[in-house]
Amino acid sequence: MSLDQPEVQRFLASRYVAVLATVQPDGAPLAMPMWFLPDLAALTMISVDDLRKVRNLRRDPRVCVVVEWANATGGEGRGVTVHGRVEFLADGPERRALAERFHARYPGLERLWGGRAVPPNRVMFRIVPARVRSWGLT
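None of these values were measured; they are calculated from a predicted model. (Residues numbered from 1 in each chain as written. Predicted model: local features only at pLDDT ≥ 70, side-chain atom pairs only at ≥ 80, totals over all residues. Heavy atoms only, no water.)

Peer 1: Honestly, the pattern of salt bridges in this entry has me stumped. Any pointers?
Peer 2: Side-chain pairs of opposite charge can arise where the charged atoms are in close proximity. For the structure on display, the rule yields eight salt bridges. Two residues, Arg-62 and Asp-60, come together in a salt bridge whose shortest N-O distance is 2.7 Å. When its relative accessible area of 43% is taken as the criterion, Arg-62 is described as partly exposed. When the shortest N-O distance is used, the salt bridge between Glu-110 and Arg-116 registers 3.0 Å. Residue classification places Arg-116 among the partly exposed residues on the basis of a relative accessible area of 37%. Each of Glu-87, Glu-94 and Arg-126 takes part in salt bridges that share partners, so that together they form one network. (Salt bridge = Lys/Arg side-chain N within 4 Å of Asp/Glu carboxyl O. Buried < 20%, exposed > 50% of the residue type's maximum accessible area, 1.4 Å probe, protein only.)

Here you go:
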């Protein structure tokens, strides 16, 4: 399974929050909800620099991401898990283009950032998958 499969892309495009799990210094997981951009080869996220999750990522780039939809009536859920490694993106044309995609996907971002430019205290990173699994997708 990979991110580029059409059913995975359709599902990820329909969800707006993923849970990112990082590895803390003592080995325990830290799971946080995150906005994300899916594409055919990676997931991209933005965070405030120097938060615990970012410090974890700088120390140990291994992550697990879960995107899920659960049926409130108890039916079968759907989801995708991505195990992989984080790569931080330096400022440049690619990062600015991704920021524009974030604005298109999350219209309230401009208000939160006070404009369209990525604030200087933000980091952007991509999750390059080593393993992708899905369930309930058709």
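The structure having been displayed, the exposition proceeds.
Peer 1: Looking at this model, I keep getting lost on the layout of surface pockets. Mind explaining?
Peer 2: Empty space among the atoms becomes visible once a probe the size of a water molecule is rolled across them. The volume enclosed by the largest pocket comes to roughly 240 Å³. Forming the walls of the largest pocket are 14 residues, and the residues nearest its centre are Trp-35, Ile-46, Ser-47, Leu-109 and Arg-122. Among the elements of the structure, strand E2 (29-34), strand E4 (43-48) and helix H4 (109-113) are those that each provide at least two residues to the lining of the largest pocket. Split into classes, the residues belonging to the lining of the largest pocket amount to 11 nonpolar, one polar and two charged. (1 Å grid on protein atoms, 1.4 Å probe; cavity = no way out; pocket = protein on both sides within 12 Å on 5 of 7 lines; lining within 4 Å. Points joined across faces, edges and corners; volume = space filled by probe spheres on them. Helix = DSSP H or I, 4+ residues; strand = E, 2+ residues; numbered from the N terminus. Nonpolar A, V, L, I, M, F, W, Y, C, P; charged D, E, K, R; others polar.)

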